[in-house]
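Okay, here's what each chain looks like letter by letter:
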Amino acid sequence: MKKFAFTLILIIAALIVASGFKPATNTSDFDVASFSELPVQVGGRIKPLDSVARNTLLVLAARQKVVTPEGVTLSPIEWFMDLTMRPEVADTYRVFKIEFPDDLGIAGLAQKGQRHYAFNDLLPHFDEILRLYKEINPEPKKRSPYEQQIADLNDGLTLYHRVMHSLHPVGTPERLDRLVDEYQSYISSIAPGLVALRQQQAAKDYDAELLSRFIQFGDDYLKLSKTAYLRVVPPIAPVDPLDDWKNIGLELLDVMRGDDLSPYVTSYASLTMAYRLDQPDMFNKTVEQLRQRFIGEFPNDINRVHFERVFNQAQPFYLSMQLYVLIFLTVCISWLRWPAPLAKAAFWVLLLAFTIHTLGLISRMYIQERYGVFVTNLYSSAVFVGWGAVLLGVILEKFYKNGVGAAMASLVGFCTLIIAHHLSMSGDTLEMMRAVLDSNFWLATHVTVITFGYSAMFFAGALALIFTVLGLFSKRFSKESAKSIVSMVYGITCFATLFSLVGTILGGIWADQSWGRFWGWDPKENGALMIVIMGAIVLHARWGGIVKERGLMALAICGSIVTVWSWFGTNLLGVGLHAYGFTSSGFWWTIGFAASQIFFICLLNLPWRYWRSAFGEDKNRRERKAILLAAQESGKA
Amino acid sequence: MKALLQFFASLRLTVVLLSLSMVLIFFGTLAQVETGIWKTQKDYFESALAIWAYPEAWIAYDKLYWLRIPMPGGYLLGGMLLINLVAAHVTRFTLSAKKAGIFLIHIGLILLLISELLTDVLSEESQMPVDEGASSNYSQEYRDNELVLIDRMHADFDTVHSIPIALLKPGRTVAVPESPLTIRTVSYYPNAQIGRSQEGAAPVESPANQGVAVKMNVVVTPTAVTYAENQINTATAYVEVLSPEGSLGIWLVSNVIDDRFPPQMVTLGEQSWEIVLRLKRHYYPFAVELVDFSHEKYPGTEIPFNYSSEVMVRHSDTTKNQKALIYMNHPLRYEGLTFYQASFANDDRTSIFQVVRNPGWILPYVSVLLMGVGMLVQFGMHFFKFLKKRATA
Amino acid sequence: MISRIHSHYLQRLPLIVAGIAALCLSACDQAQPVTYQIPKEQRADAMPTMAAATTPETSAPSKMNVLPGMQQAANEAGEVDFITPEGWKKLAASGIRKANLKVTADTGSAEITILTFPGDVGGRLANINRWRGQVGLEAATDEDLPAFTTAYDISGHRGLYVRLEGETQSILGALLPFHGSTWFVKMLGDTPTVLANEASMKLFLDSIQIEDHAH
């Protein structure tokens with residue numbers, strides 16, 4: 001039975017991992033996988049269309065799948081293909097998430113029980129949406145939730161519109177069916193068009209119809225150059241990675257100067273036509289052509305682009321998240337039955353989850369080409385906090401072998417990955433960094449060390465939580481177990497204080513190198529300093545004998561609260577703006593977390609007689625004895 | 001005496017002071033939302049007492065508007081922590097190998113606290129905008145203003161008489177050094193709206209009888225001081241210039257009345273001075289010429305990824321001339337000053353440097369070194385002890 | 001137990017505290033007025049004031065004589081076409097200058113500029129007096145204006161031609177209110193050169209075409 005339990009856990013883990021590497025089911029004959037790997041330049045870096053599709057869908061719909069009116073589920077890239085190549089169909093898909101449609105105040109828009117709306121549903125209300133958008137507070141940190149919804153809706157519609165126009169000009173279905181012809185007639189009209197223009201300026205006779213058609217093209221493509229979101233046309237080889245790619249509109253306009261039309265443009269046009277006319281062979285051939293051309297011109301990037309698509313699909317952090325749930329459940333069960341095999345299984349799965357978690361972080365480094373840099377934005381800081389905590393848990397589990405390390409590792413790992421998932425809703429998590437932050441050295445040192453400090457503080461807090469729960473409710477929680485948790489908390493807090501202090505100091509040195517001020521009393525700096533001081537309080541209180549076990553645990557839980565304030569709370573504030581971030585959803589989660597931690601501190605303060613554990617009973621006995629002795633002494637005196 | 005020393009050296013005091021520091025920093029951070037970083041630094045961290053007021057933006061303001069929480073300020077807490085640390089070392093710590101780590105950490109900490117105090121007192125930050133192809137030999141403060149009288153009579157140089165704004169108290173007179181003039185302040189407004197008189201505005205009655213106020217009918221409407229990060233307060237004053245022969249007139253001066261306006265001249269016989277109120281300038285014996293400013297963005301975006309300025313510094317002592325490239329995280333240290341790439345303007349044609357004079361800039365590095373070594377020693381010892389215990393257990 | 005070493009520190013303690021206190025107090029010193037000398041500085045050309053100059057909302061008071069919003073307004077204003085008269089040299093337009101030309105002769109030189117700003121920029125009289133100040137003439141009043149100004153049509157709209165003859169420097173210019181903004185055309189330079197180019201200036205003014213969306 002024991003062996004069965006052990007093996008079962010491992011099989012479940014294996015299944016979870018395998019699900020991430022399942023190839024995407026593609027029932028059609030179109031080579032969607034290759035299409036999803038076509039590169040484009042967006043937000044300053046080259047990425048596969050797959051990433052664009054996923055990020056756009058996340059921003060609009062807060063999820064990575066689309067359900068058509070017929071009930072078919074589409075993957076992000078399939079939706080993207082419909083959006084760009086069959087817009088009239090895509091407009092019927094429900095991709096716009098509106099959390100509280102009734103609150104928008106737009107008559108006729110809300111549908112009962114529906115939180116996702118299609119473009120066509122919103123089309124009749126555009127004027128109203130635009131009017132409301134003009135009236136909201138221009139300062140994002142000061143908007144009410146209602147105003148934020150309006151802003152999100154408007155921005156979402158704009159993004160949708162711009163992505164739709166990224167591969168080619170958009171118009172009626174008839175136009176899309178004949179894109180290649182359109183380009184041909186445009187190119188042939190340029191020379192005579194320019195001649196007619198010059199004739200008109202010189203006040204001579206000219207072909208009015210020819211000129212107006214030429215100007216029509218020009219206007220169209222000028223508008224397109226301002227709308228198209230993706231830059232799909234690379235410059236002519238040899239290419240500098242820092243060169244701007246062009247979007248469709250810019251490329252078409254440049255043809256007027258005498259440049260040849262880039263083959264990428266015509267290829268995308270034929271892709272669209274093939275897709276619309278249901279010609280998979282034509283489609284696949286063109287995709288292959290594009291791919292080969294890209295390999296020829298960007299030999300150094302092709303592997304990374306391919307890797308990014310695989311990474312998108314594997315979703316390693318989602319896999320780790322599921323594994324952490326499995327681990328936590330396994331450890332909890334191991335405390336009730338089959339402790340040895342389940343603890344061992346939990347440890348192995350923990351190592352597996354940690355490995356996947358690590359591979360995810362390293363993949364991000366590879367894709368961004370920033371080796372050694374774990375954290376570049378809030379999203380990656382959440383992923384890294386989890387990773388750090390899991391690392392500490394693995395080490396503790398190796399030393400103490402009592403499941404506590406593994407349980408807390410998986411708890412913190414799971415929570416932070418959920419937080420990360422929510423943070424990924426704003427778009428590309430592999431975004432570029434602003435100039436002052438763009439120093440690989442400091443990102444790799446200061447940011448990593450401070451974030452690791454966060455991990456450790458959270459881990460110590462989690463240990464304190466488990467101490468409270470076990471101490472109050474578990475009969476088997478002995479003095480020895482309590483002692484081991486106390487020493488764990490003390491050790492981790494030392495570690496956290498060390499890392500937070502070093503990280504804060506590194507930050508000061510970075511600031512001195514950047515703008516001549518070691519310490520600027522910035523909210524983020526203040527938050528970090530508070531963590532260091534908190535750690536110092538815990539250690540000094542312990543050294544001075546001011547606190548014993550319960551006190552130490554309470555202080556560790558305070559440490560968690562201070563860390564959440566430093567990590568998230570300071571982000572909510574808009575300095576000098578009278579904006580406290582009350583309307584941000586993060587605000588309520590932060591308050592909720594703090595309240596939950598305070599609740600545990602209150603639990604800790606329950607008198608010893610309520611503690612059902614062996615440890616608690618022992619404490620209770622000692623306390624009663626001490627009171628009795630004191631009463632006797634005062635009685636005698 | 002001994003009991004007092006014991007009190008100051010106690011660990012309980014340390015914990016109390018640290019806890020109060022946390023409270024101060026928390027409320028100080030909240031206060032920054034209302035009054036910006038600079039003012040909050042002065043109120044909370046460079047003071048002995050800070051008082052937090054319940055913000056208007058919070059719920060139940062109508063019921064809690066009266067709530068004020070006083071707390072010890074940065075200087076008081078810092079000072080006490082310093083005394084506590086030193087007292088603890090004097091009474092309790094014996095210099096031994098075992099405590100070496102802690103000693104180093106604490107000495108490093110003392111040095112850091114002292115260096116921050118020195119920075120508060122001694123450091124000067126200003127900015128220097130330079131146009132491409134042009135050069136600048138002065139930097140200007142962010143907030144502090146000065147009243148200057150510029151004598152351009154001499155052919156080879158200009159003479160600047162500078163009076164700090166703090167001396168412009170209404171009714172007070174200040175003698176202008178090395179000149180026959182005296183300034184008497186009629187009124188001073190730290191921030192105001194300057195404009196031509198319009199119906200509906202509530203301007204101050206103008207006592208001016210000379211200069212821009214008269215020629216262009218400019219009036220002053222005082223406003224509240226702003227602490228927002230990117231805004232400058234329009235410091236404004238009506239000043240009377242007195243000479244041995246009596247009053248020469250009353251002028252309106254303001255830091256917004258600058259080169260764009262015709263000069264306001266004070267004349268006494270054959271001498272004349274231009275009178276200006278402006279952000280305080282620091283002139284240097286050298287000029288920084290901006291040879292080229294480049295602003296690189298990530299391809300296809302407007303997100304900046306590097307700004308860099310190629311500069312040529314020309315000193316009056318030509319042996320000190322220097323060429324340099326100033327970019328993010330890479331400042332120029334020259335003549336006791338440090339030049340940082342702060343920002344830019346005018347469509348990439350003007351580069352703006354942050355100029356910092358901080359004689360104590362090396363102290364944090366020294367303290368960091370001490371603390372680093374101390375931590376390695378201390379925690380290293382702990383860790384090995386821990387390993388030994390586990391090995392024998 | 002306080003050893004000898006510690007009592008040594010103990011004696012030093014008040015000194016250390018006093019030292020730090022003195023440092024703090026020194027920061028409270030009131031600054032004093034000073035006089036110093038700097039290399040000769042050129043005072044930049046005075047630009048028209050805004051109708052109501054407000055607190056400049058920039059963190060970098062740039063040396064350029066452009067108020068925030070001026071550059072943007074200049075960019076948004078329409079394009080201007082003109083014909084460069086014989087002997088005038090066309091320079092690059094820059095910043096808020098929509099046009100920049102120069103003419104040089106034995107008698108001296110003159111610079112011609114076209115600028116535009118939203119609003120009336122202080123009003124007709126203020127601008128004319130500013131120009132008068134630039135050529136060393138006393139400020140005038142409304143009654144004096146007809147002596148040196150005449151109505152003049154530019155780009156199909158009614159403007160004001162201004163002729164200011166100073167001792168060494170002179171200005172020939174025009175003010176044109178144009179759909180909510182004001183255009184300034186000014187030739188400023190040595191008096192002989194300016195006056196010799198009056199005919200060319202009038203031709204220049206006649207040739208000006210401002211992009212007009214209102215009609």
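Here is what the cut-offs are and how they apply
- Residues numbered from 1 in each chain as written.
- Chains lettered and ligands numbered in written order.
- Predicted model: local features only at pLDDT ≥ 70, side-chain atom pairs only at ≥ 80, totals over all residues.
- Heavy atoms only, no water.
- Helix = DSSP H or I, 4+ residues; strand = E, 2+ residues; numbered from the N terminus.
- Buried < 20%, exposed > 50% of the residue type's maximum accessible area, 1.4 Å probe, protein only.
- Contact = heavy atoms within 4.5 Å.
- Areas by Shrake-Rupley, 256 points an atom, 1.4 Å probe, with all protein chains shown as cover.
- Lys, Arg positive; Asp, Glu negative; His and termini not counted.
- Charge placed at Lys NZ, Arg CZ, Asp CG, Glu CD.
- Patch = residues over 30% accessible without salt bridge, like charges linked within 9 Å, V, L, I, M, F, W, Y side chains within 5 Å.
- Salt bridge = Lys/Arg side-chain N within 4 Å of Asp/Glu carboxyl O.
- Pairing = 2+ DSSP bridges.
- Axes fitted to C-alpha atoms, helices over the stretch in contact; angles between N-to-C directions.
- Expected span 1.5 Å × (residues − 1).
- Polar contact = N/O pair within 3.5 Å; in protein donor to acceptor, adjacent residues only side chain to side chain.
- Nonpolar A, V, L, I, M, F, W, Y, C, P; charged D, E, K, R; others polar.
- Core = buried A, V, L, I, M, F, W, Y, C linked by side-chain atoms within 4.5 Å.
- Phe/Tyr/Trp six-rings, centres within 6.5 Å; stacked < 30°, edge-to-face > 60°.

Draft legend 1. View of the overall build of chain A. A tally of helices and strands in chain A yields 25 helices and six strands. Counting only C-alpha atoms, chain A reaches 125 × 60 × 55 Å along its principal axes. In chain A, which comprises 637 residues, the share counted as buried stands at 54%. Sequence-distant contacts, at least 24 apart, represent 71% of the contacts inside chain A between residues at least 6 apart. Only carbon and sulfur atoms are counted for the fraction: they give 61% of the accessible area of chain A, which is about 28,500 Å². For chain A, the distance from the average site of its 59 positive side-chain charges to the average site of its 56 negative ones is 16 Å.

Draft legend 2. Expanded view of a positive patch on the surface. On the surface, A:Lys479, A:Lys483, B:Arg92, B:Lys98, B:Lys99, B:Lys385 and B:Lys389 cluster together into a patch of positive charge. Positionally, B:Arg92 belongs in the loop between helix H4 (74-91) and helix H5 (100-122).

Draft legend 3. Focus on unusual backbone geometry. The backbone of A:Gln315 sits at a positive phi, close to 45°, despite the residue not being glycine. Following the sequence through the fold, A:Gln315 ends up in the loop between helix H15 (302-314) and helix H16 (316-334). In this structure A:Gln315 comes out as partly exposed when scored by relative accessible area, which is 28%. The phi dihedral of B:Glu335 is positive, around 55°, even though this residue is not glycine.

Draft legend 4. Inspection of the pairing of strand E4 (residues 97-105) of chain C at higher detail. Residues and elements named next belong to chain C. Judged from the three bridges that link them, strand E3 (residues 89-91) and E4 form a sheet pairing that is antiparallel. Among the inter-strand pairings, Leu 91 is bridged to a residue of E4, identified as Asn 100. Of the pairings in the sheet, the one linking E4 to strand E5 (residues 108-118) comprises eight bridges and is antiparallel in character. Bridging from a neighbouring strand, Lys 102 pairs with Glu 111 of E5. Hairpin connection of E4 to E5: two residues between the antiparallel strands.

Draft legend 5. Up close: the sheet that holds strand E6 (residues 173-175) of chain B. Residue and element names in this part refer to chain B. If you walk across this open sheet you meet the four strands as E6-E7-E10-E11, and the pairing is antiparallel. Only two strands of the sheet have a single neighbouring strand rather than two, namely E6 and strand E11 (246-254). Recorded for the sheet is a direction-independent mean angle of 25° between the axes of neighbouring strands. In this structure, strand E7 (residues 182-189) lies alongside strand E10 (residues 236-243), joined through seven bridges in antiparallel fashion. When the bridges of E10 are listed, Thr 185 appears paired with Val 239.

Draft legend 6. Region of interest: the sheet that holds strand E6 (residues 149-154) of chain C. Residue and element names in this part refer to chain C. Pairing in this open sheet of seven strands is antiparallel, and the strands run E3-E4-E5-E9-E8-E7-E6 from one edge to the other. Each end of this open sheet is capped by a strand with a single partner; those strands are E3 and E6. Sheet twist, expressed as the average angle between the axes of neighbouring strands with direction ignored, equals 20°. Pairing geometry for strand E8 (residues 169-178) and strand E9 (residues 181-190), over ten bridges, is antiparallel. Residue Gln 169 lies in a different strand from E9, and its bridge partner there is Asp 190.

Draft legend 7. Molecular detail of helix H17 (residues 339-368) of chain A. If you check H17(A), its first and last C-alpha atoms are 43 Å apart, about what 30 residues at 1.5 Å a residue would give, namely 44 Å. A positive phi of about 55° marks A:Glu369, the residue just after H17(A).

Draft legend 8. The arrangement of the interface of chain A and chain B in detail. Residue-level contacts link 61 residues of chain A with 55 residues of chain B. The tally of links between chain A and chain B comes to one salt bridge. The salt bridge involving A:Arg517 is made with B:Glu125; its shortest N-O contact spans 2.7 Å. Linking chain A with chain B are nine residue pairs in polar contact (both at pLDDT 80 or more). Of all the secondary-structure elements, those providing two or more residues to the side of chain A that touches chain B are helix H18 (378-400), helix H21 (479-515), helix H22 (523-543) and helix H23 (549-572) of chain A. Take the side of chain A that touches chain B: its biggest share by element is twelve residues, from H21(A). Considering only residue class, the side of chain A that touches chain B consists of 38 nonpolar, 14 polar and nine charged.

Draft legend 9. Structural detail: the environment of A:Val265. Residues and elements named next belong to chain A. Looking at the element boundaries, Val 265 is found in helix H13 (residues 263-276). A C-alpha to C-alpha distance of 39 Å links Val 265 and Glu 139, two positions 126 residues apart in sequence. With residues near it in sequence (within four places) discarded, Val 265 still touches Tyr 183, Val 233, Ile 248, Glu 251 and Leu 252.

Draft legend 10. Spatial organisation of the nonpolar core. By size, the foremost hydrophobic cluster in this structure holds 145 residues, and its most contacted members are A:Leu323, A:Phe459, A:Leu463, A:Phe467 and B:Tyr44. In terms of residues, this core owes the most to one element, helix H20 (residues 440-473) of chain A, which gives 20 residues. Contact partners of A:Phe467, with chain neighbours within four places excluded, come to A:Phe477, A:Ala482, A:Ile485, A:Val486, A:Glu549, A:Met553, A:Leu604, A:Trp611 and A:Phe615. Counting residues in each nonpolar core, the second largest holds 79 residues, with A:Leu83, A:Val233, A:Ile302 and A:Val305 among its members.

Draft legend 11. Up close: the arrangement of the chains. With two pairs of chains in contact, the largest contact count belongs to chains A and B. For the non-touching pair chain A and chain C, the nearest C-alpha separation works out to 14 Å.

Draft legend 12. Examining the packing of aromatic side chains more closely. Within the structure shown, the criterion is met by 62 aromatic pairs over all chains. Measuring from centroid to centroid gives 6.0 Å for A:Phe384 and A:Phe452, while their planes differ by 65°, and the two rings are edge-to-face. With A:Phe384 in helix H18 and A:Phe452 in helix H20, this residue pair connects regions lying 68 residues apart in the sequence. In this pair, the class of A:Phe384 matches that of A:Phe452, namely buried. Ring centres of B:Tyr138 and B:Tyr283 lie 5.2 Å apart, and the angle between their planes is 45°; on these two criteria the pair is classed as tilted. Taken together, the residues span a long stretch of sequence, with B:Tyr138 in strand E4 (residues 135-151) and B:Tyr283 in strand E13 (residues 271-297) at a distance of 145 residues. Neither B:Tyr138 nor B:Tyr283 differs from the other in exposure class; each is buried. Put simply, the rings of A:Phe354, A:Phe374, A:Phe384, A:Trp387, A:Phe452, A:Phe495 and A:Phe499 touch in pairs and so form one group of aromatic residues.

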